Amino acid sequence: QIEHHCWPDLSMLAYQRGQPELKAICEKYGVPYIQENVFVRTAKALSISMGHSKMRVYPDSLEREEDMMKWSNDVKQRELMAA
């Protein structure tokens, strides 16, 4: 699922070969590695894009300070989170 983000220029076969290594890296650092069928992922993406469901909100408690979004004011953030 995330191999194409790590290695954007690799072929599908190369992704499959690299998958065990990337999964081990995720396990080592406590990063969830979720494997789902392509049809399940496509259905979820369509559901989100059509407004039938929402993406999960990543908990701020797990976010590093330097990676957190910087908003000009809290109102803007609350509006986006409520949408």
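Quick note: structure is the one above.
Please read all numbers here as calculations on a predicted model, not as lab measurements.

(A) Highlighting the state of the cysteines. Tallied over the full model, the rule gives zero disulfides. Lacking any disulfide linkage, Cys-6 is separated from the closest cysteine sulfur, that of Cys-26, by 7.1 Å. Overall, the relative accessible area of 5% leaves Cys-26 in the buried class.

(B) Quick look at the environment of Ser-53. Within the secondary structure, Ser-53 sits in the loop between α3 (38-49) and α4 (74-82). We classify Ser-53 as partly exposed; its relative accessible area is 30%. The contact partners of Ser-53, leaving out residues within four places of it in the chain, are Ser-47 and Ile-48. A distance of 2.7 Å separates a polar atom in the side chain of Ser-53 from a polar atom in the side chain of Ser-47.

(C) Focus on helix α2 (residues 12-28). The end-to-end C-alpha distance of α2 is 24 Å, a good match for the 24 Å that 17 residues give at a rise of 1.5 Å each. When the local axis directions of α2 are compared, the greatest deviation, roughly 45°, occurs at Gly-18, which is followed within four positions by the proline Pro-20. Burial in α2 covers these residues: Tyr-15, Gly-18, Gln-19, Leu-22 and Cys-26. Looking at the buried side of α2, the elements it contacts are α1 (3-6). Looking one or two residues beyond α2, the residue adopting positive phi is Gly-30, at roughly 70°.

(D) How the structure looks around a nonpolar patch on the surface. Taken together, the side chains of Ile-25, Tyr-29 and Val-31 present a nonpolar region at the surface, about 300 Å² in accessible area. The exposure class assigned to Val-31 is partly exposed, which follows from its relative accessible area of 42%.

The rules behind each value
Residues numbered from 1 in each chain as written. Predicted model: local features only at pLDDT ≥ 70, side-chain atom pairs only at ≥ 80, totals over all residues. Heavy atoms only, no water. Disulfide = S-S within 2.5 Å. Buried < 20%, exposed > 50% of the residue type's maximum accessible area, 1.4 Å probe, protein only. Helix = DSSP H or I, 4+ residues; strand = E, 2+ residues; numbered from the N terminus. Contact = heavy atoms within 4.5 Å. Polar contact = N/O pair within 3.5 Å; in protein donor to acceptor, adjacent residues only side chain to side chain. Expected span 1.5 Å × (residues − 1). Bend = angle between axes of the 7 residues up to and from the residue. Patch = residues over 30% accessible without salt bridge, like charges linked within 9 Å, V, L, I, M, F, W, Y side chains within 5 Å. Areas by Shrake-Rupley, 256 points an atom, 1.4 Å probe, with all protein chains shown as cover. Salt bridge = Lys/Arg side-chain N within 4 Å of Asp/Glu carboxyl O.

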